[in-house]
Amino acid sequence: MAGRVADKDPELKVLGVWSSPFVIRARVALNLKGLAYRYVEDNLDSKSELLLASNPVHGKVPVLLHDGRPVCESRVIVEYIDEAFPASGPCLLPADPYRRAVDRFWASYVDDKLFPTWIPVYNGRTSEDRVAAARQVVAVLEKFERAFDECSGGKAFFGGDAAGLVDVVLGGFLGWLRASEVMCGVRVIDPAKTPLLAAWADRFAALDGVREVIPDVQRLLEYNKIRRARRGLP
Ligand SMILES: N[C@@H](CCC(=O)N[C@@H](CS)C(=O)NCC(=O)O)C(=O)O
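Not measured: the values here are computed from a predicted model.

A. Local environment of the environment of Ser48. Mapped onto the fold, Ser48 is located in the loop between β2 (38-41) and α2 (49-54). For the pair Ser48 and Trp176, spaced 128 residues apart in sequence, the C-alpha separation works out to 25 Å. A polar contact is formed between the side chain of Ser48 and the side chain of Asp42, at a distance of 2.6 Å.

Printed below as a string of structure tokens:
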């Protein structure tokens, strides 16, 4: 990460783009912790100087600026927010080291498995490729169905009574998972196959602080059409 970036603005600032599931994680974490921040929409076709200076390694959003100091990578940001503001809102990570390890395992499984499995839904060349990918996404979500059972202990969220790391990390994708159903005609979050996860998705998406930042499905569909057209994809 870069050093201090000139920034006289509020204590907490998020550089993002509205459609990014990774950015949504950072925003949801801040919202759930009840922390005020300024959200700055960047442009990935013409990245701001601030973004490039703040994340010179990857040049990606989200970046959290805390008193001008950048924190990069969404899962790092979520954990940072929890550690830097222990007195604000609920804890996103459990106190017990074993439970933390389990939560981190599932959070990294979202990025290591769910995201790459989903990508061809977004940018697959043919509709057959996209449908096949959507079916594989369902299979990955079946793993999260079992994870929910393990992590939630029969409560409302992966984090138990309140949303935690896995809720935030997986929940950042809810907009795109819902849009995928329209994009491919495949029921991705299928109450018949993953009933616990389907109920969780509705519950999580309805939370204050989450509802406001999960993008509208129609807007995501339009965005996907535009990005595909730019790449010459049907
Ligand atoms: N591993 C990163 C992924 C972030 C990411 O891929 N962000 C995308 C937007 S969804 C981005 O900034 N892309 C710009 C680029 O690749 O140049 C994280 O968790 O923050």
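B. Expanded view of helix α8 (residues 195-205). Within α8, burial applies to Leu197, Ala198, Trp200, Ala201, Phe204 and Ala205. For α8, the arc enclosing every buried residue in end-on projection is 160 degrees, short of the 170-degree limit, so these residues lie on one face. In this fold, the buried residues of α8 make contact with α1 (21-32), α5 (127-152), α6 (165-171) and α7 (174-184).

C. View of the side chain of Lys33. Mapped onto the fold, Lys33 is located in the loop between α1 and β2. Residue classification places Lys33 among the buried positions, given a relative accessible area of 2%.

D. Here's a closer look at the nonpolar core. Counting 75 residues, the largest nonpolar core has Leu141, Phe144, Phe158 and Trp200 as its most contacted members. No other element matches the eleven residues that α5 contributes to this core. Of the domains in this structure, domain 1 (12-84) and domain 2 (97-230) are the two that each give at least three residues to this core. With residues near it in sequence (within four places) discarded, Phe158 still touches Arg99, Phe144, Ala147, Phe148, Cys151, Ser152, Val166, Asp167, Leu170, Leu197 and Trp200.

E. Examining the packing of aromatic side chains more closely. The tally for this structure, following the rule as stated, stands at 18 aromatic pairs. Consider the rings of Phe22 and Phe115, whose centres lie 5.0 Å apart with planes at 80 degrees: the pair is edge-to-face. One end of the pair, Phe22, is in helix α1; the other, Phe115, is in helix α4 (residues 97-123), with 93 residues separating them in the sequence. Here the aromatic residues Trp18, Phe22, Phe115, Trp118, Tyr122, Phe173, Trp176 and Tyr223 are joined through ring pairs into a cluster of three or more. Positioned above the aromatic ring of Tyr39 is the side chain of Arg27, whose terminal nitrogen or guanidinium carbon lies 3.8 Å from the ring centre. The aromatic ring of Trp18 is capped on one face by Arg219, whose charged end is 3.8 Å from the ring centroid.

F. Spatial organisation of the sheet that holds strand β4 (residues 69-72). Pairing in this open sheet of four strands is mixed, and the strands run β2-β1-β3-β4 from one edge to the other. Taken across any chain shown, the strands that pair with only one partner, and hence form the sheet edges, are β2 and β4. On average, each strand axis in the sheet is tilted by 25 degrees relative to the strand beside it, whichever way the strands run. Pairing of strand β3 (residues 63-66) with β4 involves four bridges; the strand directions are antiparallel. Residue pairing across strands places Leu65 opposite Pro70, the latter belonging to β4. Sitting on the sheet, α1 touches β1 (12-16), β2 and β3, and the angle it makes with β1 is about 160 degrees. Against the sheet, helix α3 (residues 74-84) touches β3 and β4, its axis set at about 120 degrees to β4.

G. Inspection of the domain arrangement of the protein chain at higher detail. Domain boundaries in the protein chain define domain 1 (12-84) and domain 2 (97-230). Using C-alpha coordinates to define each centre, domain 1 is positioned 20 Å away from domain 2. With 16 residues of domain 1 at the contact, the number on the domain 2 side is 26 residues. Buried surface at the junction of domain 1 and domain 2, both sides included, amounts to about 1,900 Å², of which 64% is carbon and sulfur. The largest contributions to the domain 1 side of the interface with domain 2 come from Trp18, Arg25 and Arg75, which together make up 33% of the buried area. The interface formed by domain 1 and domain 2 includes five salt bridges. With its nearest N and O atoms 3.7 Å apart, the salt bridge here joins Asp45 to Arg227. Of all the secondary structure elements, the ones that give two or more residues to the side of domain 1 that touches domain 2 are α1 and α3. Here the side of domain 1 that touches domain 2 takes nine residues from α1, the largest share from any one element.

Rules and cut-offs
- Residues numbered from 1 in each chain as written.
- Predicted model: local features only at pLDDT ≥ 70, side-chain atom pairs only at ≥ 80, totals over all residues.
- Heavy atoms only, no water.
- Helix = DSSP H or I, 4+ residues; strand = E, 2+ residues; numbered from the N terminus.
- Polar contact = N/O pair within 3.5 Å; in protein donor to acceptor, adjacent residues only side chain to side chain.
- Buried < 20%, exposed > 50% of the residue type's maximum accessible area, 1.4 Å probe, protein only.
- Arc of directions from axis to C-beta.
- Contact = heavy atoms within 4.5 Å.
- Core = buried A, V, L, I, M, F, W, Y, C linked by side-chain atoms within 4.5 Å.
- Domains from an automatic or database assignment.
- Phe/Tyr/Trp six-rings, centres within 6.5 Å; stacked < 30°, edge-to-face > 60°.
- Lys NZ or Arg CZ within 6 Å of the ring centre and 35° of its normal.
- Pairing = 2+ DSSP bridges.
- Axes fitted to C-alpha atoms, helices over the stretch in contact; angles between N-to-C directions.
- Buried area = accessible area lost by both parts, 1.4 Å probe.
- Salt bridge = Lys/Arg side-chain N within 4 Å of Asp/Glu carboxyl O.

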